[in-house]
Amino acid sequence: MHNVLLFCDPGIDDSLAIMYALLNPKINVVGIVSSYGNVPQKQAIQNVSYLLKLAGREDIPIIGGAKSPLSGEIAVFYPEIHGEEGLGPIRPPETVEGEVVNFDEIFKIIDSYADNLVILDVGRSTSLAIAFLLGGQEKLRKVKAIYCMGGAFLVPGNVTPVAEANFHGDAIAANLVLNKLNHIYITPLNVTNHAVITPETIQKITSQSFNAFTHLIKPIFDYYTTAYKKLNPGLSGSPLHDVFTVFALVNPEQVRYIKRQASVSINFDNTKGESIADFRANSSEQATENTDHIAITFNYQAFVKDFVTVMTTRYI
């Protein structure tokens, strides 16, 4: 079983990733760091609190993450994709407010699960970068692996022609994480754009009440799909970028990676957030402990099958 500290900014896709992680028998969620990103930090925290309450997992600590990028820029949110509250048409009850613990809980968790902890970062990398700045290499070296959803290598971006939303949202933080931390697995748009779940699959998942999340899945997925179809009418469903990143952790045999040192453009021009790596066939780059693993292909059928299995898990 993987002990997971999840960094997120829910958001529909993040929320589905949280559900998937909580239901997955291969994952033990030991903490959730909730930050700005798809929605403001306060709303992100409320969304996490709501999902944990539904799951009966209020024992999992919620850690208050960053409220804005390292650059000091004003954060941009995406209500047209995720809804005003981040869960599409769903409004979490205002009475749901989980206890938020201090940021240093991150280091307590790292120490508690030393060398047996994986960090999943499926939002802006600001909070993870701050954890490095405060804890340093000594603390972060205790983490076994870091899985990051972000980037667009050799494919167009989704917020600019060259940049993906997480890397663009805080390019400085993303670049710091990729260049300072070790054992990083990147799931970029190259693969996550193809992690499409169709309405037919969602119908199968929600055909009966399997668990406390079942009633949420269809309305938030439908909202997300409608938004995506405005951007790309040819899509047969919605790509679940963040869910795929969790899938990649627990199904390593289904994902193929290439080892390259990645970086992110921190220029505040039209290249901001661009993902950079040497993909030349004759590259002389030598692999080191700092070399990143960039996902390039995966088994789509295995992804869909696994998603259905996990999301129809019954629990009390």
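Here, every reference points to the structure presented above.
Residue numbers run consecutively from 1 along every chain, following the written order of its sequence. This being a predicted model, a pLDDT of at least 70 is required before a residue's local features are given, and a value of 80 or more before pairs of side-chain atoms are given or counted; all residues contribute to the totals for chains, interfaces and linings. The basis for every side-chain value is the complete set of non-hydrogen atoms in the structure, without hydrogens or water.

Colleague: How should the pattern of salt bridges be read in this particular structure?
Modeller: Where side chains of opposite charge bring their charged atoms close, a pairing between them can arise. Throughout this description, the term salt bridge denotes a Lys or Arg side-chain nitrogen within 4 Å of a carboxyl oxygen of Asp or Glu. Per the stated rule, a full pass over the model turns up 7 salt bridges. The shortest N-O distance in the salt bridge between Asp-59 and Arg-57 comes to 2.9 Å. Under the scheme applied here, a residue whose accessible area is under 20% of the maximum for its type counts as buried, over 50% as exposed, and between as partly exposed, the area being computed with a 1.4 Å probe on protein chains only. Classification of Asp-59 by relative accessible area gives exposed; the value is 54%. Put simply, Asp-111, Lys-139 and Lys-142 are held in one network by salt bridges that share partners.

Colleague: Explain the state of the cysteines to me, please; I cannot follow it from the model alone.
Modeller: Working definition: the covalent bond between the sulfur atoms of two cysteines is a disulfide. Here, two cysteine sulfur atoms that lie within 2.5 Å of each other are counted as a disulfide. Counted according to the given criterion, the structure contains 0 disulfides. Not engaged in a disulfide, the cysteine Cys-148 finds its nearest cysteine sulfur in Cys-8; these two sulfurs lie 13 Å apart. The exposure class of Cys-148 is buried, given its relative accessible area of 3%.

Colleague: Honestly, the packing of helix 11 (residues 241–250) against helix 12 (residues 300–311) in this entry has me stumped. Any pointers?
Modeller: Any two packed helices are characterised by how steeply their axes cross, that is the angle between the axes, and by the distance between the axes. Axis definition: a line fit to C-alpha positions, over the contact stretch in the case of helices; interaxial angles, taken between N-to-C directions, run 0 to 180 degrees. Under the DSSP-based scheme used, a helix requires at least four consecutive residues in state H or I and a strand at least two consecutive residues in state E, with every element numbered from the N terminus. Put simply, helix 11 and helix 12 touch, their axes get as near as 11 Å, and they point 95° apart. Relative to helix 12, the element helix 11 is oriented roughly perpendicular. Contacts between helix 11 and helix 12 involve Val-243, Phe-244 and Phe-247 from the former and Ala-302, Phe-303, Asp-306 and Phe-307 from the latter. The classification used treats Ala, Val, Leu, Ile, Met, Phe, Trp, Tyr, Cys and Pro as nonpolar, Asp, Glu, Lys and Arg as charged, and all other residues, Gly among them, as polar. When grouped by side-chain class, the residues that make up the contact of helix 11 with helix 12 number 6 nonpolar, no polar and 1 charged. Roughly parallel means an angle under 35 degrees; roughly antiparallel means over 145; roughly perpendicular covers 65 to 115; every other angle is labelled oblique. We call two residues in contact when some of their heavy atoms are within 4.5 Å.

Colleague: Teacher, can you tell me more about a nonpolar patch on the surface here?
Modeller: Only residues whose relative accessible area exceeds 30% and that take part in no salt bridge are eligible for patches, with like-charged residues grouped when within 9 Å of each other and nonpolar side chains (Val, Leu, Ile, Met, Phe, Trp, Tyr) grouped when within 5 Å. Each accessible area value is a Shrake-Rupley result obtained with a 1.4 Å probe; residue values ignore everything except the protein chains displayed when judging cover. A grouping of Leu-70, Leu-133, Ile-172, Ile-266 and Phe-268 is seen on the molecular surface, where their side chains present a nonpolar patch of about 430 Å² in accessible area. Looking at the element boundaries, Leu-70 is found in the loop between strand 3 (62–64) and helix 3 (79–82).

Colleague: I'm lost on the packing of aromatic side chains in this one. Help?
Modeller: The way to describe two aromatic rings as a pair is by their centre distance and the angle between their planes. Any Phe, Tyr or Trp ring, taking Trp's six-membered ring, that has another such ring centre within 6.5 Å forms a pair; planes under 30 degrees apart are called stacked, those over 60 apart edge-to-face, and the others tilted. This model, assessed by the stated rule, comprises 11 aromatic pairs. For the pair Phe-303 and Phe-307, a centre-to-centre distance of 6.4 Å together with 20° between the ring planes defines the contact as stacked. Residue Phe-303 and its partner Phe-307 are both found in helix 12; the two are separated by 4 residues, about one turn of the helix. Members of the aromatic cluster, each reached through a chain of ring pairs, are Tyr-20, Phe-244, Phe-247, Phe-298, Tyr-300, Phe-303 and Phe-307.

Colleague: Would you mind showing me how to read the pairing of strand 7 (residues 184–187) here?
Modeller: Across 4 bridges, strand 6 (residues 145–149) lies against strand 7 in parallel orientation. When the sheet's bridge partners are listed, Cys-148 is paired in strand 7 with Ile-186. At least two bridges found by DSSP between two strands are what make those strands a pair. Judged from the 2 bridges that link them, strand 7 and strand 13 (residues 292–298) form a sheet pairing that is parallel. When the sheet's bridge partners are listed, Ile-186 is paired in strand 13 with Ile-294.

Colleague: Sorry, what's going on with the sheet that holds strand 2 (residues 27–34) here?
Modeller: Pairing between the strands of a sheet comes from backbone hydrogen bonds, and it takes one of two forms, parallel or antiparallel. With mixed pairing, 9 strands are arranged side by side in an open sheet as 4-3-2-1-5-6-7-13-10. Across the chains shown, the open sheet's two edge strands, defined by having one partner strand only, are strand 4 (100–101) and strand 10 (255–260). Strand direction decides the pairing type here: strand 2 and strand 3, joined by 3 bridges, are parallel. Considered in strand 3, the bridge of Val-33 is made with Ile-63. Sheet strands in contact with helix 1 (residues 12–23) are strand 1 (2–8) and strand 2, and its direction is about 150° off that of strand 2.

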